[in-house]
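Observations on chain architecture
Single-letter residue listing:
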Amino acid sequence: MSERISLAKCATYEAEELLSSLRQALVQIGGMSSFVKPGQKVLLKVNMLGAYHPDKAVTTHPEFVRAVIKLVKEAGGIPSVGDSPGFANPKKAAEVCGYLKVCDEENVPFVYFDQQKTIQSLNGRRFNIAQAVLDADVIINLPKFKTHELTGITCAVKNMFGCIPGILKAEYHVKVPTRADFNLMLLDLLEVVRPTLNIVDAVMGMEGVGGPHSGKPKQIGLIAASKDAEAVDRVLLEAVKKTDFEFIKLLPEMKIPKIIRAILLEKPVVDKKKCTGCKICGQVCKSEAISYHSKYPKFNYNKCIRCFCCAEMCPEHAIEVRRNWLAKVVFSLARAH
Ligand code: SF4
Ligand code: SF4
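About the cut-offs
Think of each chain on its own: its residues are numbered from 1, step by step along the sequence as written. The order in which chains are written sets their letters, starting at A; the order in which ligands are written sets their numbers, starting at 1. Confidence filtering applies because this is a predicted model: local features only for residues at pLDDT of at least 70, side-chain atom pairs given and counted only at 80 or more, and all residues used for totals across whole chains, interfaces and linings. The numbering of helices and of strands both runs from the N terminus, where a helix is a DSSP run of H or I of at least 4 residues and a strand a run of E of at least 2. Our exposure labels follow a C-beta count within 10 Å of each residue's own C-beta, placed from the backbone: buried means 20 or more other C-beta atoms, exposed means 12 or fewer, and partly exposed covers the counts in between. Residues are treated as contacting if the C-beta atoms built from their backbones sit within 7 Å of each other. Pairing between strands is defined by DSSP: at least two bridges between them are needed. Seen with its strands pointing away from the viewer, a crossover is right-handed if its path from the first strand over the helix to the second goes clockwise. Residue count minus one, scaled by 1.5 Å, sets the expected span of a helix. An arc is given here, and it is the one of the directions from the helix axis to the C-beta atoms. We call a residue near a molecule or strand when its C-beta atom, built from the backbone, sits within 6 Å of it. Residues are grouped as follows: Ala, Val, Leu, Ile, Met, Phe, Trp, Tyr, Cys and Pro are nonpolar; Asp, Glu, Lys and Arg are charged; all remaining types, including Gly, are polar. Buried Ala, Val, Leu, Ile, Met, Phe, Trp, Tyr and Cys residues form a nonpolar core when they are connected through C-beta atoms within 7 Å. Note that domain bounds follow an automatic or database assignment of domains.

A count of helical and extended segments in the protein chain gives 13 helices and 15 strands. In the protein chain, which comprises 337 residues, the share counted as buried stands at 46%. Taking contacts inside the protein chain between residues at least 6 apart in sequence as the whole, the part at least 24 apart equals 74%.

Let's shift gears to the pairing of strand E3 (residues 78-83). Among the six residues in E3, five count as buried, and that is most of the element. Here five bridges tie strand E2 (residues 41-46) to E3, and the two strands are oriented parallel to one another. Bridge pairing in E3 links Leu44 to Val81. For the segment spanning E2, helix H2 (residues 62-74) and E3, crossover handedness is right-handed. Note that E3 and strand E4 (residues 110-112) share three bridges and pair parallel.

With that settled, consider helix H9 (residues 229-241). With 13 residues, H9 should cover 18 Å at 1.5 Å per step; its first-to-last C-alpha distance of 18 Å lies within 8% of that length. Taken together, the buried positions of H9 are Ala229, Val232, Asp233, Leu236 and Val240. The arc enclosing the buried residues of H9, seen along the axis, measures out at 100°, which places them on a common side. In H9, the exposed positions angled more than 90 degrees off the buried face are occupied by Glu238 and Lys241.

For ligand 1, the set of nearby residues contains 13 residues, the closest of which are Cys275, Cys278, Ile280, Cys281 and Cys314. Class assignment of the residues belonging to the shell around ligand 1 gives a composition of nine nonpolar, two polar and two charged.

In this fold, His148 is placed in strand E8 (residues 144-148). Each C-alpha atom of the pair His148 and Gly208 lies 8.6 Å from the other, and the pair is 60 residues apart in sequence. What His148 contacts, discounting residues up to four positions off in sequence, is Ile153, Thr154, Lys158, Gly211 and Pro212.

Further remarks concern the pairing of strand E11 (residues 216-226). Where strand E1 (residues 6-9) meets E11, four bridges bridge the pair, whose relative direction is antiparallel. Directly across from Ser6, in E11, lies its bridge partner Ala225.

A separate point is the nonpolar core. Formed by 99 residues in total, the largest nonpolar core has its most connected members in Val68, Ile223 and Cys310. Each of two domains, domain 1 (6-241) and domain 2 (258-336), supplies a minimum of three residues to this core. Discounting residues that sit within four places of it in the chain, Val68 has contacts with Leu22, Leu44, Ile140, Leu142 and Ile199.

Here is the structure:
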């Protein structure tokens, strides 16, 4: 019964509407009390990509988190809230995202993923997992529904990637450079840290090119819940496809020569008007594909594995993801068939 997926409408982040919609979504899959028992330590794993105001629709909305905190308390659980941005200062991120205020008002700790432990999946892949995640009796995954330049969308499955602390995440992009392998790695990770419950914040999502950090906020008006992260992603994706939501058009995986692939693939490009020369992009790039020409990053596209960590972590949003005209033509032909 608890593996069912439920969808509930929710148009705003007003407290009353949120609580009512969350109850409606949860009651269809057994209610919060079927996932949380009295006295259990419950970690609410938010999507805290960086220091973004809630209106940007980059991170799980703080009022969404507050409503889930209330429901966990009602069920007798002991909630905490946590996540670890790839590069941003975690304390600043938690403050700007509105989590510290909500946690303070609800008397709940915000946990920073500053300790870790290595865990091996059944097929031998090793993951560095935040200790706070491993210490929880129950993990409630609270993703935001957004487009994503690497994976197409980011939702419940991808949000668990945040259980790998901070900048360690970037190393996995080097180990698994293709889109297909990255998705397989996420499924292995899900086997190591499987959330007890997934509740997706798709009240306001993010659409279009630039996701997951600088796409356009888009009202979707939905909350989705399930025990099964893959299933909730699939069902919500199908529901959103019926709307005018603007998805990213990804190149299909193709076995083509390296040089052609380098021409066709989307690539990071710096906007010199926005770049301040902080060099964070070079630190985050584990492929050593970035050097500096005067203060600006220069990309070695032969080394670049298109993980787009540099774009994700640039504090000025100065790195854009672009395709050239040839790629656009090839891609539109591929889509037409
Ligand atoms: S592109 Fe962004 S991260 Fe890189 S140096 Fe410029 S401002 Fe810093
Ligand atoms: S240059 Fe950017 S997109 Fe390319 S490998 Fe480095 S971090 Fe990833």
